[in-house]
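# A structural walkthrough
Listed here are the chains, written in short residue letters.
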Amino acid sequence: VAGVGGGGAAASGVSAAAAAPRLCQRCHVRFLPSENGPVACVYHPESYSGEDSQRWTAPGERPPEGVSTTSYFWSCCGSADPKARGCVAAPHVGYGDEDDGWGRGPDG
């Protein structure tokens, strides 16, 4: 029977809200606040977007007709892989928590 035996979060002095898994607003992974650490969340702080090669084309040159010249990449690190591992590591931030900024690179 639930609540019998004196166990659980309330009996240990930890509130049920603090013990419940939370959703990270940066990496969208569920985490336990008790297991959150300084590099627990690895994410991209900027967007994955595309840019037309016209910006990089020399004046007077034109891309081939009918060929897409848009290059997609993470604007924070330049990686072209949409599933690339995040380029920044920081603690998880749950919805409603105060975000402390970008964090640091995942390798130090």
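Structure: above.
Residues numbered from 1 in each chain as written. Predicted model: local features only at pLDDT ≥ 70, side-chain atom pairs only at ≥ 80, totals over all residues. Heavy atoms only, no water.

### Details of the packing of aromatic side chains
Using the criterion set out here, one finds two aromatic pairs in the structure. Relative to Tyr72, the ring of Tyr48 has its centre 6.4 Å away and its plane inclined at 20°; by these criteria the two rings are stacked. In this pair, Tyr48 is assigned in strand 4 (residues 48-52) and Tyr72 in strand 5 (residues 70-74), connecting sequence segments 24 residues apart. For Tyr48, a relative accessible area of 29% corresponds to the partly exposed category. Look at Tyr72 and you get partly exposed, because its relative accessible area is 48%. An aromatic cluster is present here, built from Tyr48, Tyr72 and Trp74 joined pairwise through their rings. (Phe/Tyr/Trp six-rings, centres within 6.5 Å; stacked < 30°, edge-to-face > 60°. Helix = DSSP H or I, 4+ residues; strand = E, 2+ residues; numbered from the N terminus. Buried < 20%, exposed > 50% of the residue type's maximum accessible area, 1.4 Å probe, protein only.)

### A look at the nonpolar core
Core analysis: the largest hydrophobic core is formed by seven residues, namely Cys24, Cys27, Phe31, Cys41, Tyr43, Val88 and Ala90. Elements represented by at least two residues in this core include exactly strand 3 (41-43) and strand 6 (88-90). Residue contacts for Phe31: discarding those within four places in its chain leaves Ala20, Pro21, Arg22, Leu23, Cys24, Asn36, His92, Val93 and Gly94. (Core = buried A, V, L, I, M, F, W, Y, C linked by side-chain atoms within 4.5 Å. Contact = heavy atoms within 4.5 Å.)

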